[in-house]
Amino acid sequence: MAGPGDDTPSARTPVDVHMERVLDALETLRTRGVDSVELADALGRITAEDVRSPIDLPPFRNSQMDGYAVRAADVASAPVSLPVVGEVAAAPGDPAPLKPGTAVKIMTGAPVPDGADTVVPVEDTLFADDHVSIARGRAAGEYVRDVGSDLRRGRVVVPWMTRLASRHLAALAAASITDIDVLDRVRVAVISTGSELVAPGEPLGPGQIPDSNGIALAAAAQACGADVVLRARVQDDTDRLVAVFEEALQLGAELILTSGGISMGDHEVVRELLEPEGAIIDVLAMQPGGPQALGDRDGVPIVGFPGNPVSSQLSFELFVAPTLREIAGLPAAGRETRVLTSAVSSISGRRQFLRARRVDGGGVELVGGPSSHLVAALAASDVLVVVPEDVTELAAGDSVETWEL
Ligand code: AMP
Ligand code: MG
């Protein structure tokens, strides 16, 4: 393992080594419990069981068209004219049975009266003097939606392990299901460390900055399907950090993310607390995001990111997001090869992640510089360009791997 004071490129820990450690530490998150949620809160959740319909879909025989409900036998000798003896709307109630030799006006979705077996669309008819004229014969069952023709009662509406989208919610609602068992979301605590931090919106005193990592990491975790159970900001004070870790555990956090306090300066609160407990505090062969930490509290993994905003956001994306997305049934972030619009140089032995913007024609142009405090430049980017460890020079026109942000 590389020591933090040792900054010769070869002595830094390879990115993939730390990646493996974090992936191992996050394995525990893959075992999920079950939550019961209401339909209105179920979007994006994953079903924990096969959900079966308690009713037939549709629940009653109904008309597929606005028209006239008749007996096929009565219109077999078309053209015919039948007296229109009533009307059935899409409204509660049970229509009277249809008498032979008659028709009733019927609306889409209205129950088809007993005795009627076909619906003649209004556009195929003429109505005059309380009679409807029908020009040609009709097959039984035409424009009639049978009970259970979509799904039979007791059958599976949405199978186990489905990530619920609006179409699934529609089918569940149609089956009159209100509560669904879903996998619980990974409970994440996000802790920003730094005595210079204040809440966004608070007046900034000398030496103070708004805490942007807190909001970014929480949002990124939510975007990966996680439930953020705690957002906290602590001064560089180990007692305060201990108390916040305690709070996170009490709130049921299964993963604790910290930002700041793990590099080589003084007042590195996460390092001071966790390193003596055996946590890994390391410097990786990457830029930005060199310093990284991995520890635990009562078995709950703590993944510690550096404080610089670009570093912390990138570190989340690199080390944590793929696992959370997988658990939440979300697709992996997009990766594609693009062509650089300008030359790039990179430090030997570091995996470099550059902020960039896609341009038409498969190109990608860099945004801002390589420094890890450029939070606005990151916001203006839509991809990261990945420059591998062994690459030091790239020319305009060279192909590079890009990661969608
Ligand atoms: P650290 O990793 O604690 O040494 O912090 C590195 C840099 O990131 C410093 O410039 C900090 O002020 C800045 N920083 C640390 N935490 C945050 C945060 N939560 N939001 C914005 N900037 C931060
Ligand atoms: Mg700090």
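Our structure is the block above this text.
Residues numbered from 1 in each chain as written. Chains lettered and ligands numbered in written order. Predicted model: local features only at pLDDT ≥ 70, side-chain atom pairs only at ≥ 80, totals over all residues. Heavy atoms only, no water.

## Quick word on the environment of Ile281
Turning to step 1, where the next piece is worked out: Relative to the helices and strands, Ile281 resides in strand S18 (residues 280–283).
Turning to step 2, where the next piece is worked out: Residue Ile281 is classed as buried on the basis of its relative accessible area of 4%.
Turning to step 3, where the next piece is worked out: For the pair Ile281 and Gly252, spaced 29 residues apart in sequence, the C-alpha separation works out to 25 Å. (Helix = DSSP H or I, 4+ residues; strand = E, 2+ residues; numbered from the N terminus. Buried < 20%, exposed > 50% of the residue type's maximum accessible area, 1.4 Å probe, protein only.)

## Some words on unusual backbone geometry
Turning to step 1, where the next piece is worked out: At the junction of Leu57 and Pro58, the peptide bond is cis and its omega measures out at -10 degrees in the coordinates.
Turning to step 2, where the next piece is worked out: Among the secondary structure elements, Pro58 is positioned in the loop between strand S2 (51–52) and strand S3 (62–63).
Turning to step 3, where the next piece is worked out: Of note in this structure, Asp298 is not a glycine but carries a positive phi near 50 degrees.
Turning to step 4, where the next piece is worked out: Along the polypeptide, Asp298 turns up in the loop between strand S20 (291–297) and strand S21 (300–305).

## Overview of the sheet that holds strand S9 (residues 131–134)
Turning to step 1, where the next piece is worked out: With mixed pairing, six strands are arranged side by side in an open sheet as S7-S4-S6-S5-S9-S8. Two strands lie at the open edges of the sheet, namely strand S7 (118–121) and strand S8 (125–128), each paired on one side alone. Shown here is a sheet whose adjacent strand axes are inclined to one another by a mean of 40 degrees, direction ignored.
Turning to step 2, where the next piece is worked out: Pairing between strand S5 (residues 80–88) and strand S6 (residues 103–106): three bridges, direction parallel. Among the inter-strand pairings, Val88 is bridged to a residue of S6, identified as Ile106. (Pairing = 2+ DSSP bridges. Axes fitted to C-alpha atoms, helices over the stretch in contact; angles between N-to-C directions.)

## Let's talk about the site of ligand 1
Turning to step 1, where the next piece is worked out: Contacts to ligand 1 come from 18 residues, most closely from Glu196, Asp211, Ser212, Gly261 and Gly307.
Turning to step 2, where the next piece is worked out: The backbone of Ser212 places a nitrogen or oxygen atom 3.0 Å from a nitrogen atom of ligand 1.
Turning to step 3, where the next piece is worked out: Contact between ligand 1 and Asn213: a nitrogen atom at 3.3 Å from a main-chain N or O atom of the residue.
Turning to step 4, where the next piece is worked out: Coverage of ligand 1 by the protein chains reaches 78% of its 480 Å² of free accessible surface. (Near = heavy atom within 4 Å. Polar contact = N/O pair within 3.5 Å; in protein donor to acceptor, adjacent residues only side chain to side chain. Areas by Shrake-Rupley, 256 points an atom, 1.4 Å probe, with all protein chains shown as cover.)

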